[in-house]
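For reference, the chains in residue letters:
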Amino acid sequence: MRFRAKMIDIGCLNHFTRVVNTISKLTKTCTLGLTTDKLYFILSDKVANGGVSMWCELSQGTFFDEFQLEGVSTEHNEIYMDLAAENLSRALKTAHNAKSLKIKLTNKHCPCITVAVELPSLSRVSRVVTHDIPVGVIPKKLWNDFKEPSVPDFDVSIYLPPLKTMKNVVERMKNLSNFLVLEANLNGEMNLKIETDLVSVTTHFKDLGNPSWGDNGSQDSTQDRDPETMMDVKVDIRKLLQFLAGQQVNPSKVICNIVNKRIVHFILLDEDVSLQYFIPAHA
Amino acid sequence: MKCVLAGSNVKAFGKAIHALSRVGEDLWLDPLEKGLAVRSVNSSRSAYACFLFSPLFFQHYSKVTTQQPLDEGDVEPVLKCKLTMKSVLPIFRCLATIERNVERCKIFINFRDSHVVFQFSCRHGITKTHNLGFQECESLQAVFPRDMCPNVLKAQARLLGDVVMHFPVWQEEITLAVTPVKVSFRNYFEEETDLTKVMHTEISLNPDEFDYFQVGVDSEITFCLKELRGLLSFAESTGLAVSIHFGTSGKPVAFSIDDMVLEANFVLATLIDTESQAASPKRPHRGTLLQSLAVMTQPTVPLAGEMELAELARTGHEGSIAMETSIPELPQALDREAELVISSQGSAIFNGKAARESVIACHWSEYGVGVHMDQIQEEAVGVVPATIGHNKVRTGCFYNHGSSHGDTIKQQDHPYFVNQVQLLRRGWTKVLCWNGVRGIQVSRLCLKGFSGVPCSSTHCCWRSPPSSVERMPWCCPAWCVPVTTRRSWRKERRSPARTLSLS
């Protein structure tokens, strides 16, 4: 198994850093998947995570100038490994003015992702900073977990309000309650509600807009429904806040799909990056 | 003691206090003739920090501790006081406010009440007075023979700041590894850490990036980064360069800042590398300052080298200026109250033999210039770098870029160490040097190199002798024999260089 990649453009480097920072805010460890044309950051829905799962896809060509991969075998030219996203984020943090960045899979004291950053220096020879991030290579038999999640059969699909505003609201609510009810309808209205013994607080958003999903089977069933009906899901407020607060990539629109009382699904779409995040309802 | 600080110096003083607070829990104030020394040491005695503010730093500085004139026979009381960091730091905590509001700061010691008083004269006629109780204590100083360190690096604070920013804030210790062609810093983990879980970071630099680069012996030292960060942030804010003096692992490392008005020295113990010492226990342990530094309780004795040149000329022509100092035995265990003695500022006292033994890490091999290896070893043992008048020749290092006299010295860029200097008749000087592999001898030296004047030219300070009697020569580009940083030298800099003509 071999992997080598090189990044030269500062803009790409900063963009990549932002994506990695977002991932590191969402989860401590995740799975890094490498294929010939894409990079994946995956978090599967295990009980340990509280059932949340994440799928982030980057198209390799827009970030890397050189990319060479030899996977586990020729027909499965892919590599999956466990990685602490925070380490990668730290390695990239000080690379904002780098001349070049090389990432490769190495085997030092254990399998590592080595990030070698070439920094400008006062002399003719550049400074080189090397970070060895230990990873755990995942054997092929466990690869079943790493399939792109299908869009759930949602009841309502709506665009979120500006993430910053939503984050401020949820942050204040976090002090009052552990669970938040997120509800929305097909009329572009969304409410965030918390309720405790002493107090209940609701924030209303309107004119948000609903994305149209085109020829989607689930669309038909929702059209029959009254657009005013609110579909809701009760989620752990900290998970929601983690998602909102960690965003560094600022996409223009974020889609929120709600399956009534089951799960909420967020999709962020950027030109080269797509991030999906699932929060299950609290039992 | 009474002193007055004005303007931006108050902020600089505050920054120094911040840097010291990262090291220890207590602050020692020591008013000296040459300025106010503010020191701290950590609880395990593995880090020592000292800021020396010269009288020029203050608007007014007076060391006198009592108001009344001393009676005949009275000894002026030697005052050293110790304050807790907890009481001093809050006074200087918010430097931005100090910069904005404080016009002057007066510091004086009130004996009667055992208080140190910090009085701030602020804007709008406001005066803030802080009375801090102090404890009288023994002096705290570390002996560290900086001049005997084989490795010296000097870099702008910015460079060092750029290096340490790659390490996380919680990183305790880092390892500095030097060879003549590379400098690298990497993070260090205790043996118990699970290496498969932690991220290793290493940054390599080219020697060109340093203002001064001298590596006499390849070494890797591991020291505490946390304690050092205080000094680095002080240096960055004042824009001064930082010098690093060190030797092999186990010996302390000194980080210093030298300026016209202040000097700072941070001496940190380094971990002892167990691989090189068969007898030591498995776990690497930190050599404490008490073990690594010479600790003495007697006052310093002047060296023979402080004699006038004329006297030297009389006493020794072919002979060496070997100065034998009697080195007291290092005590094995010291309790906390023990006095650490004098001067981290270019102390003249050190254990030459031990220092030299530790500096020569390599094996002597065949050598052949005209002086026998054994002879050199014999002569060199116990010899301190020669003191010529008031000027000291620090062990310098220079590169041989080729010999004009044939084959024994190859054309390689090996750094050579000044091992011994002998004043000979008629202005000749014999310098014995070694690079760990072979020794060579240079016969005549450019006066500049030894007069204490730093040579700023990029060409040699070492001239080849006119005759081919002795071998020689070579160019020492950019690395002249460095000079001592003692204050006395600074005065002499303005006077014409002392010559070595002894006739």
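Residues numbered from 1 in each chain as written. Chains lettered and ligands numbered in written order. Predicted model: local features only at pLDDT ≥ 70, side-chain atom pairs only at ≥ 80, totals over all residues. Heavy atoms only, no water.

Chain B appears in an unreviewed UniProt entry as Cell cycle checkpoint control protein RAD9B from Acipenser oxyrinchus oxyrinchus. Per UniProt, chain B has the following entry under Subunit (unreviewed entry): "Interacts with HUS1, HUS1B, RAD1, RAD9A and RAD17." According to UniProt, the comment filed for chain B under the heading Sequence similarities (unreviewed entry) is "Belongs to the rad9 family." (UniProt positions renumbered as here; feature names shortened; annotations may be inferred.)

If you check an unreviewed UniProt entry, chain A appears there as Checkpoint protein from Acipenser oxyrinchus oxyrinchus. In its Sequence similarities (unreviewed entry) section, UniProt records this for chain A: "Belongs to the HUS1 family."

Draft legend 1. Layout of the overall build of chain A. Scanning chain A from N- to C-terminus turns up five helices and 18 strands. Burial status across chain A gives 52% buried among its 283 residues. (Helix = DSSP H or I, 4+ residues; strand = E, 2+ residues; numbered from the N terminus. Buried < 20%, exposed > 50% of the residue type's maximum accessible area, 1.4 Å probe, protein only.)

Draft legend 2. Just the side chain of B:Thr222, in detail. Residue and element names in this part refer to chain B. Relative to the helices and strands, Thr222 is located in strand S16 (residues 219-224). Residue classification places Thr222 among the buried residues on the basis of a relative accessible area of 8%. Polar contacts involving the side chain of Thr222 include one to the side chain of Thr175, which spans 3.0 Å. Excluding anything up to four places from it in sequence, Thr222 contacts Glu173, Ile174, Thr175, Tyr188, Ala269, Thr270 and Leu271. (Polar contact = N/O pair within 3.5 Å; in protein donor to acceptor, adjacent residues only side chain to side chain. Contact = heavy atoms within 4.5 Å.)

Draft legend 3. Broad picture of the sheet that holds strand S3 (residues 38-43) of chain A. Residue and element names in this part refer to chain A. Ordered by their spatial adjacency, nine strands build an open sheet running S10-S6-S2-S3-S4-S18-S17-S16-S11, and the pairing between neighbours is antiparallel. Of all strands in the sheet, those with a lone pairing partner are strand S10 (136-137) and strand S11 (156-159), marking the two edges. Taken together, the six bridges between S3 and strand S4 (residues 53-59) define a ladder with antiparallel strand orientation. Opposite Leu39, over in S4, you have Leu58 as the bridge partner. (Pairing = 2+ DSSP bridges.)

Draft legend 4. Focus on the sheet that holds strand S12 (residues 179-184) of chain A. Residue and element names in this part refer to chain A. If you trace the four strands from one edge of the open sheet to the other, you get S14-S13-S12-S15, paired in antiparallel fashion. In the strand order of this sheet, the two ends are held by strand S14 (200-205) and strand S15 (231-236), each with one partner. Across the sheet, the mean angle from the axis of one strand to that of its neighbour is 20 degrees, orientation sign disregarded. Here S12 pairs with S15 via six bridges, running antiparallel. When the sheet's bridge partners are listed, Glu183 is paired in S15 with Asp232. Across the sheet, helix H5 (residues 237-245) touches S12, strand S13 (190-195) and S15, and the angle it forms with S15 is around 90 degrees. (Axes fitted to C-alpha atoms, helices over the stretch in contact; angles between N-to-C directions.)

Draft legend 5. Fine view of the nonpolar core. Grouped together as the largest cluster of nonpolar side chains are 157 residues, with contacts concentrated most on A:Phe41 and B:Phe13. When near neighbours in sequence (up to four residues on either side) are disregarded, A:Phe41 contacts A:Val20, A:Ile23, A:Cys30, A:Thr31, A:Leu32, A:Met54, A:Trp55, A:Cys56, A:Leu58, A:Leu83 and A:Leu88. Judged by nonpolar contacts, the second largest core, of 13 residues, contains B:Leu32, B:Val41, B:Ala142 and B:Ala254. (Core = buried A, V, L, I, M, F, W, Y, C linked by side-chain atoms within 4.5 Å.)

Draft legend 6. Structural view of the pattern of salt bridges. For the coordinates displayed, the defined rule picks out 17 salt bridges over all chains. Residue A:Arg124 is joined to B:Asp208 by a salt bridge in which the shortest nitrogen-to-oxygen separation is 3.6 Å. Residue A:Arg124 is located in the loop between strand S8 (111-119) and strand S9 (127-134), and its partner B:Asp208 is located in the loop between strand S14 (200-205) and strand S15 (212-215); the two belong to separate chains. Given the relative accessible area of 70%, A:Arg124 is considered exposed. On the basis of relative accessibility, which here comes to 44%, the residue B:Asp208 falls in the partly exposed class. Note that B:Arg39 and B:Asp30 form a salt bridge whose closest N and O atoms lie 2.8 Å from each other. The class of B:Arg39 is buried, set by a relative accessible area of 3%. Judged by its relative accessible area of 2%, B:Asp30 is buried. When salt bridges with common partners are traced through the structure, they connect A:Arg127, B:Arg158, B:Asp162, B:Glu209 and B:Glu236 into a single cluster. (Salt bridge = Lys/Arg side-chain N within 4 Å of Asp/Glu carboxyl O.)

Draft legend 7. Structural context of the environment of A:Val235. Residues and elements named next belong to chain A. Position of Val235 among the secondary structure elements: in strand S15. By relative accessible area, Val235 is classed as buried at 1%. Taking the C-alpha atoms as reference, Val235 lies 9.3 Å from Lys261; in sequence the two are 26 residues apart. If we ignore the near neighbours within four places in the chain, the residues touching Val235 are Asn178, Phe179, Leu180, Leu240, Val264, Ile279 and Pro280.

Draft legend 8. Local environment of the interface of chain A and chain B. Each partner contributes to the interface: chain A provides 20 residues, whereas chain B provides 20 residues. Overall, the association of chain A and chain B removes approximately 1800 Å² of surface from exposure, summing both partners, and the carbon and sulfur fraction of that is 56%. Contact with chain B buries surface across chain A, with A:Arg90, A:Thr94 and A:Arg127 losing the most and accounting together for 31% of the total. For the pair chain A and chain B, the number of links is seven residue pairs in polar contact (both at pLDDT 80 or more). Where the side of chain A that touches chain B is concerned, the elements lending two or more residues are helix H2 (85-93) and S9 of chain A. Of the residues forming the side of chain A that touches chain B, the biggest block, eight residues, is contributed by S9(A). Among the residues forming the side of chain A that touches chain B, the class breakdown is nine nonpolar, seven polar and four charged. Bridge analysis of S9(A) against S14(B) gives five bridges, and the strand direction is antiparallel. Looking at S14(B), one finds that A:Asp132 is bridged to B:His200. (Buried area = accessible area lost by both parts, 1.4 Å probe. Nonpolar A, V, L, I, M, F, W, Y, C, P; charged D, E, K, R; others polar.)

Draft legend 9. Region of the structure containing the pairing of strand S19 (residues 262-268) of chain B. Residue and element names in this part refer to chain B. The buried fraction of S19 is high, at seven of seven residues. Residues Leu262, Ala264, Phe266 and Leu268 of S19 are buried on one face, and the alternating residues Glu263, Asn265 and Val267, pointing to the opposite face, are buried as well. Judged from the seven bridges that link them, strand S4 (residues 47-53) and S19 form a sheet pairing that is antiparallel. Note that in S19 the partner of Phe53 across the bridge is Leu262. Note that strand S18 (residues 253-258) and S19 share six bridges and pair antiparallel. Bridging from a neighbouring strand, Ile257 pairs with Ala264 of S19. Where S18 folds back on S19, the antiparallel hairpin that results is connected by three residues.

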